[in-house]
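Okay, here's what each chain looks like letter by letter:
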Amino acid sequence: MSSVEIEIYPDDGWVERVTARWVSFIESQSAARLCLPTGSTPKEVYERAAATIDLSRTEVFVLDEFGLPPGDPARCDEMLERDLLSRLSGRPAHVHALDPQALDLAEECKRFEQLVEAGGLDLTLLGLGGNGHLGLNEPGSTEDSPTRVAQLQASTIEAAGRYGSDSQPEWGMTLGLRQILSSREIWLLVTGDHKAEILERTLNGPIGPELPASYLRDHPNVVVFADQSAAAAL
Ligand code: PGA
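The structure contained in this document is the topic of the report that follows. Residue numbering note: each chain is counted from 1, following its sequence as written. For this predicted model, a pLDDT threshold of at least 70 governs which residues receive local features, and a threshold of 80 or more governs which side-chain atom pairs are given and counted, while totals over whole chains, interfaces and linings are taken from all residues. Based on all heavy atoms of the structure, the side-chain values leave hydrogens and waters out of the count.

Let's talk about the site of the ligand
Right, on to step 1. One heavy atom suffices: a residue is near a molecule or strand as soon as one of its heavy atoms comes within 4 Å of it. In the vicinity of the ligand, the residues found are Gly39, Ser40, Thr41, Gly127, Leu128, Gly129, His133, Arg162, Tyr163 and Lys195.
Right, on to step 2. Cavities and pockets were defined on a 1 Å grid built over protein atoms only: a cavity is a set of grid points that admits a 1.4 Å probe from which the probe cannot escape, a pocket is an open set flanked by protein on both sides within 12 Å along at least five of seven lines, and lining residues are those with an atom within 4 Å of any such point. The way we define it, a molecule is inside a pocket or cavity when more than half of its atoms are within 2 Å of that pocket's grid points. More than half of the atoms of the ligand fall within 2 Å of the grid points belonging to the largest pocket.
Right, on to step 3. In the scheme used here, Gly and all other residues not listed as nonpolar or charged are polar, with Ala, Val, Leu, Ile, Met, Phe, Trp, Tyr, Cys and Pro taken as nonpolar and Asp, Glu, Lys and Arg as charged. Residue classes in the shell around the ligand are distributed as two nonpolar, six polar and two charged.

What follows is the structure, given as structure tokens:
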């Protein structure tokens, strides 16, 4: 029996409701370690939250990063800066990210993983990949996957174009499923009818590496925030 809680909001109220939940979560914490995704799904939540949220008592870990040069519009650190951080009056005390320009990528993954594991994560926000990935934990990733360099599937490579890049990154770096699933609380954000089928399989299909998001059902404290379009097949 899955312990996943599912909140379904009208398409035109989803951003406002999720933002309100996030702002009140942050207000209720004296300090928090957050893992944040980037991409289309959280963009409007970040933009709306930025007007009121105070992240100055938080430490932020950027979930993943594409193998792209600094400043590329599809870089996750760029997206987070553009959609959220640059708009805040109360910026996080620290923002940690994976560096795809590091000379030793394996060492860089270890550094980031150790930082995350040193204090754990209080809340991890996630988007749902069209192929069921979490971060850049692509299909085939097991639940104990470490933080690592990941080769990307075609649909994930295309996403970089949607995020404004002229490049097609074939690899990226991602927080591992092991660290994601160790987060004390996880919110999966899902919008749009193009995510309806993968959300249904995430929640009702077999749990396993073919669909990494299905592992969320083994976690004790997950909330899925879906809009009505994404929830259409539930
Ligand atoms: P999207 O990406 O929010 O741009 O749809 C989700 C994901 O790949 O995690």
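Next, the rest of the story.
Here's the deal with the sheet that holds strand β3 (residues 58–62)
Right, on to step 1. Pairing between strands is defined by DSSP: at least two bridges between the two strands are required. Comment: elements are numbered from the N terminus, with helices defined as DSSP H or I runs of at least four residues and strands as E runs of at least two. Spatially, β1-β10-β9-β6-β2-β3-β5 is the arrangement adopted by the seven strands of the open sheet, whose pairing is parallel. Two strands lie at the open edges of the sheet, namely β1 (5–9) and β5 (94–96), each paired on one side alone. Strand-to-strand twist across the sheet, computed as the mean angle between neighbouring axes with direction ignored, equals 20 degrees.
Right, on to step 2. Looking at chain direction, β3 and β5 are connected through three bridges and run parallel. Within β5, the residue paired with Val60 across the bridge is Val95.
Right, on to step 3. Here, two residues are considered to be in contact whenever any of their heavy atoms come within 4.5 Å of each other. Angles here are taken between N-to-C directions and fall from 0 to 180 degrees, while the axes themselves are lines fitted to C-alpha atoms, restricted in helices to the stretch in contact. This element, helix α1 (residues 14–27), spans β1, β2 (32–36), β3, β6 (123–127), β9 (185–190) and β10 (222–227) of the sheet and lies at about 165 degrees to β9.

Quick word on the packing of aromatic side chains
To describe a pair of aromatic rings, you give the distance between the ring centres and the angle between the ring planes.
Right, on to step 1. Stacked, tilted and edge-to-face are the three classes applied to pairs of Phe, Tyr and Trp rings, where Trp contributes its six-membered ring and a pair requires centres within 6.5 Å; stacked means planes under 30 degrees apart, edge-to-face means over 60, and tilted covers the rest. Following the criterion strictly, the structure yields six aromatic pairs and no others.
Right, on to step 2. Their ring planes at 75 degrees and their centres at 5.9 Å tell us that Phe25 and Trp187 sit as a pair that is edge-to-face. Taken as a pair, Phe25 in helix α1 and Trp187 in strand β9 lie far apart in primary sequence, 162 residues in all. Note on accessibility: Phe25 and Trp187 belong to one class, buried.
Right, on to step 3. The interplanar angle of 45 degrees and the centroid separation of 6.4 Å between the aromatic rings of Phe66 and Tyr163 together place this pair among those described as tilted. Placement of Phe66 in strand β4 (residues 64–66) and of Tyr163 in the loop between α5 (154–162) and β8 (171–174) is noted, with a sequence separation of 97 residues between them.
Right, on to step 4. Taken together, the aromatic side chains of Tyr9, Phe25, Trp187 and Phe225 make up a single cluster linked through ring pairs. Each residue's exposure class comes from its accessible area (1.4 Å probe, protein chains only) as a fraction of the maximum for that residue type: buried when under 20%, exposed when over 50%, partly exposed otherwise.

Here we look at helix α2 (residues 40–49)
Right, on to step 1. Buried residues of α2: Thr41, Pro42, Val45, Tyr46 and Ala49, and no others. Projected down its long axis, α2 shows its buried positions confined to an angular sector of 100 degrees, all on one face.
Right, on to step 2. Buried residues belonging to α2 abut α1, β2, α3 (76–83), β6 and β9. It is the directions from the helix axis to the C-beta atoms that the arc portrays.

Topic: the layout of surface pockets
Right, on to step 1. Grid points are joined across faces, edges and corners, and a volume is the space filled by probe spheres set on the points. In this structure, the largest pocket spans a volume of roughly 670 Å³.
Right, on to step 2. In terms of lining, the largest pocket is formed by 34 residues, of which the most central are Ser40, Thr41, Arg162, Tyr163 and Lys195.
Right, on to step 3. Residue assignment for the lining of the largest pocket shows that the elements contributing at least two residues are α1, α2, β4, α3 and α5.
Right, on to step 4. Looking at the lining of the largest pocket residue by residue, the class counts come to twelve nonpolar, 14 polar and eight charged.

What about a nonpolar patch on the surface?
Right, on to step 1. The patch calculation keeps residues exceeding 30% relative accessible area without a salt bridge and links them within 9 Å when they carry like charges or within 5 Å when they are nonpolar (Val, Leu, Ile, Met, Phe, Trp, Tyr). Only the protein chains shown count as cover for residues, with accessible areas throughout obtained via the Shrake-Rupley method and a probe of 1.4 Å. The term salt bridge refers to a pairing of a side-chain nitrogen on Lys or Arg with a carboxyl oxygen on Asp or Glu at a separation within 4 Å. Side chains of Ile6, Ile8 and Leu234 sit close together on the surface and give an oily, nonpolar patch of about 250 Å² of accessible area.
Right, on to step 2. Take Ile8: it is sitting in strand β1.

Section: the sheet that holds β8
Right, on to step 1. Judged by pairing direction, the sheet is antiparallel, and its three strands sit side by side in the order β4-β8-β7 without closing on themselves. With partners counted over all chains shown, the strands left at the sheet margins are β4 and β7 (148–151), one partner each. Sheet twist, expressed as the average angle between the axes of neighbouring strands with direction ignored, equals 25 degrees.
Right, on to step 2. Both β4 and β8 contribute to a ladder of three bridges, which runs antiparallel. Looking across to β8, one finds that Asp64 is bridged to Thr174.
Right, on to step 3. Helix α4 (residues 105–119) rests against β7 and β8 of the sheet, and its axis sits at about 30 degrees to β8.

Looking at the nonpolar core
Right, on to step 1. Side-chain atoms within 4.5 Å are what join buried Ala, Val, Leu, Ile, Met, Phe, Trp, Tyr and Cys residues into a set we call a nonpolar core. With 40 residues, the main nonpolar core has Trp22, Leu34, Leu36, Leu84 and Trp187 as its most contacted residues.
Right, on to step 2. Top contributing element to this core by residue count: α1, with seven residues.
Right, on to step 3. Residues contacting Leu34, with those up to four places away along its chain left out, are Trp22, Phe25, Ile26, Leu55, Thr58, Glu59, Val60, Phe61, Leu121 and Leu123.
Right, on to step 4. The next biggest cluster of nonpolar side chains, apart from the first, holds 32 residues, and it includes Val116, Leu126, Ala213 and Ala226.

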